[in-house]
Amino acid sequence: MREVTVRIHRGDDQSGAFQEFQVPVTEGMVVLDAVHYVQAHQANDLAVRWNCKAGKCGSCAAEVNGKPTLMCMTRLDRLNLDEPIVVEPMRTFPKIRDLVTDVSWNYSVNKRIKPLKPKPREADGTHRMMQMDVDRIQEFHQCIECFLCQDVCHILRNHERWDFSGPRFLVRNASLAMHPLDTEDRLPALKDEFNIGYCNITKCCSEVCPEEIKITDNAIIPLKERVAGRYYDPIGRLLQRVRGT
Ligand code: SF4
Ligand code: SF4
Ligand code: FES
């Protein structure tokens, strides 16, 4: 049976090193299977976070051959098995152990986003929405919170600007700001608290999203346009001043 070398990062936030393991390759195998083989046969204490093995819980996010990806959705037959497969934790977040990172910062950002503030019901007691408005935000709700987009975003990864919310939370902001019933004014927070202005639309986040959410085109750019229209468009600002808004 063919074997592949899997090079896995071991260690914690203080120290670590790569360790190599030989893993037999079977048909349909994914990287998470290889990691589980190592855990079962060669390193029982190997720490790895996973849950669904179906690309739906987001917990097996890691970097495979330098690319942020879900281990359970990365098939071995799409990788060059003549070279070692390098598996390491997401680099943007603190390591806990081996392949497990501390992603709690993301939850703290999430808590700062104001909840939906729906407009009052119609006279007949209903809330009416246009189907096209509902469809527009539907893709944002596909997010599985894997945080791969946060991992790849250079504002967080390289510049460590933790005053930037990161793409995941611009997607969540978009799902609320574009919700047909929402009345919350989200533009001040997008500009000053979540610092949408830091994003320079490199689209790296969209490229790694396993749910194929068009993060930049459908969430970030429309939000940036709204912020620019409010704060940086001189005619718009003049009209706002005249209207007293
Ligand atoms: S498009 Fe913006 S949010 Fe996405 S990775 Fe680039 S800088 Fe980060
Ligand atoms: S937007 Fe995509 S990449 Fe980002 S957390 Fe959600 S599913 Fe993951
Ligand atoms: S184990 Fe759930 S997404 Fe991979």
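Structure first, text after, so check above.
Every chain is numbered independently, its residues counted from 1 as its sequence is written. To label them, take the chains in the order written and letter them from A, then take the ligands in the order written and number them from 1. In keeping with the predicted nature of the model, local features appear solely for residues at pLDDT of at least 70, side-chain atom pairs appear and are counted solely at 80 or more, and the whole-chain, interface and lining totals rest on all residues. Excluded from the side-chain calculation are hydrogens and water; included are all heavy atoms of the structure.

Q: If you had to explain the side chain of Asn106 to someone new, which residues and values would you point to?
A: When you line up the elements, Asn106 lands in helix H2 (residues 104–111). Note on exposure labels: buried denotes an accessible area under 20% of the residue type's maximum, exposed denotes more than 50%, and partly exposed covers the range between, all computed with a 1.4 Å probe on protein chains only. Judged by relative accessible area, which is 0%, Asn106 ranks as buried. Two residues form a contact once any of their heavy atoms are found within 4.5 Å. Setting aside its immediate chain neighbours within four residues, Asn106 contacts Phe93, Phe147, Gln150 and Phe169. Put simply, DSSP marks the helices as runs of H or I at least four residues long and the strands as runs of E at least two long, and each gets a number from the N terminus on.

Q: Describe the packing of aromatic side chains, and please don't skip the residues or the numbers.
A: Any Phe, Tyr or Trp ring, taking Trp's six-membered ring, that has another such ring centre within 6.5 Å forms a pair; planes under 30 degrees apart are called stacked, those over 60 apart edge-to-face, and the others tilted. Taken as a whole and judged by the stated rule, the model has five aromatic pairs. Aromatic side chains Tyr107 and Phe147 sit 5.7 Å apart centroid to centroid with 75 degrees between the ring planes, which places their arrangement in the edge-to-face category. Separated by 40 residues along the polypeptide, Tyr107 in helix H2 and Phe147 in the loop between helix H3 (131–138) and helix H4 (148–152) bring together distant segments of the chain. The exposure class of Phe147 is buried, given its relative accessible area of 3%. Seen in terms of ring centroids, Phe164 and Tyr198 are 6.2 Å apart; in terms of plane orientation they differ by 45 degrees. Their pairing is tilted. With Phe164 in the loop between helix H5 (154–157) and helix H6 (167–177) and Tyr198 in the loop between helix H7 (187–192) and helix H8 (204–208), the pair connects residues that are 34 residues apart, well separated along the chain. Exposure remark for Phe164: the relative accessible area of 2% places this residue in the buried category. Exposure remark for Tyr198: the relative accessible area of 27% places this residue in the partly exposed category.

Q: Explain the pairing of strand E4 (residues 67–70) to me, and be specific about the residues and the numbers.
A: As a general feature of sheets, a regular strand has side chains that alternate between the two faces. Being paired, for any two strands, means DSSP has found at least two bridges between them. As judged from the four bridges shared by strand E3 (residues 61–64) and E4, these two strands associate in the antiparallel manner. Its bridge partner lying in E4, Ala61 is registered against Leu70. Connecting the antiparallel pair E3 and E4 is a turn made up of two residues, with Asn65 showing a positive phi of about 50 degrees.

Q: How would you explain the sheet that holds strand E5 (residues 85–88) if you had to name every residue and give the values?
A: Strand order across the open sheet formed by five strands is E2-E1-E5-E3-E4, with mixed pairing between neighbours. With partners counted over all chains shown, the strands left at the sheet margins are strand E2 (16–24) and E4, one partner each. Strand-to-strand twist in this sheet, taken as the mean axis angle between neighbours without regard to direction, amounts to 35 degrees. In this sheet, E2 lies alongside strand E1 (residues 3–11) in antiparallel orientation, the contact comprising nine bridges. In the sheet register, His9 faces E2, and the bridge partner there is Phe18. Angles shown run from 0 to 180 degrees and are taken between the N-to-C directions of axes, each axis being a line fitted to C-alpha atoms and, for helices, limited to the stretch in contact. The sheet strands contacting helix H1 (residues 31–41) are E1, E2, E3 and E5, and the helix crosses E2 at an angle near 100 degrees.

Q: Lay out helix H9 (residues 215–231) in plain terms, naming residues and giving numbers.
A: Over its 17 residues, H9 extends 23 Å from the first C-alpha to the last, a length consistent with the 24 Å expected when each residue adds 1.5 Å. When the local axis directions of H9 are compared, the greatest deviation, roughly 30 degrees, occurs at Ile221, which is followed within four positions by the proline Pro222. Of all the positions in H9, only Ile215, Thr216, Ala219, Ile220, Pro222, Leu223 and Val227 are classed as buried. For H9, the secondary structure elements touched by its buried residues are H3, H4, H6, H7 and H8. By this rule the span expected of a helix is its residue count minus one, scaled by 1.5 Å. Note on bend: the value at a residue is the angle between axes fitted to the seven residues ending there and to the seven starting there.

Q: Lay out the site of ligand 1 with the relevant residues and their values.
A: For this description, a residue counts as near a given molecule or strand if any of its non-hydrogen atoms is within 4 Å of it. Cys153, Cys199, Thr202, Cys205 and Thr216 are the nearest of the 13 residues found near ligand 1. Residue assignment for the shell around ligand 1 shows that the elements contributing at least two residues are H5 and H9. Amino acids are sorted into nonpolar (Ala, Val, Leu, Ile, Met, Phe, Trp, Tyr, Cys and Pro), charged (Asp, Glu, Lys and Arg) and polar (every other residue, Gly among them). In terms of residue class, the shell around ligand 1 is made up of eight nonpolar, four polar and one charged.

Q: Hey, could you go over the nonpolar core for me, with residue numbers and the actual values?
A: Throughout this description, the term nonpolar core refers to a set of buried Ala, Val, Leu, Ile, Met, Phe, Trp, Tyr and Cys residues connected via side-chain atoms within 4.5 Å. By size, the foremost hydrophobic cluster in this structure holds 67 residues, and its most contacted members are Ile8, Val35, Met71 and Val87. Among the elements that take part in this core, H6 stands out by supplying six residues, more than any other. Once you skip the residues sitting within four places of it in the chain, Val35 turns out to touch Ile8, Leu46, Val48, Met71, Val87 and Leu99.

Q: I'd love a proper account of the site of ligand 2, names of residues and values included.
A: All residues in the neighbourhood of ligand 2 are listed as Cys143, Ile144, Glu145, Cys146, Phe147, Cys149, Arg168, Cys209, Pro210, Ile213 and Ile215. Residues belonging to the shell around ligand 2 are distributed by class as follows: nine nonpolar, no polar and two charged.

Q: Just give me the short version of the packing of H6 against H9, but keep the residues and values in it.
A: Running from N to C, H6 and H9 point in directions that differ by 70 degrees, and their axes come no closer than 9 Å. When the axis of H6 is compared with that of H9, the two are roughly perpendicular. In the packing of H6 onto H9, the handedness of the crossing is left-handed. Facing H6, whose interface residues are Pro167, Leu170, Val171, Asn173, Ala174 and Ala177, H9 presents Ile215, Ala219, Ile220, Leu223 and Arg226. Taken together, the residues of the contact of H6 with H9 break down into nine nonpolar, one polar and one charged. Just so you know how the angles are binned, under 35 degrees is roughly parallel, over 145 roughly antiparallel, 65 to 115 roughly perpendicular, and the rest oblique. Crossings are sorted by hand: turned counterclockwise from the far helix by less than a right angle, the near helix makes the crossing left-handed, and turned clockwise it makes it right-handed.

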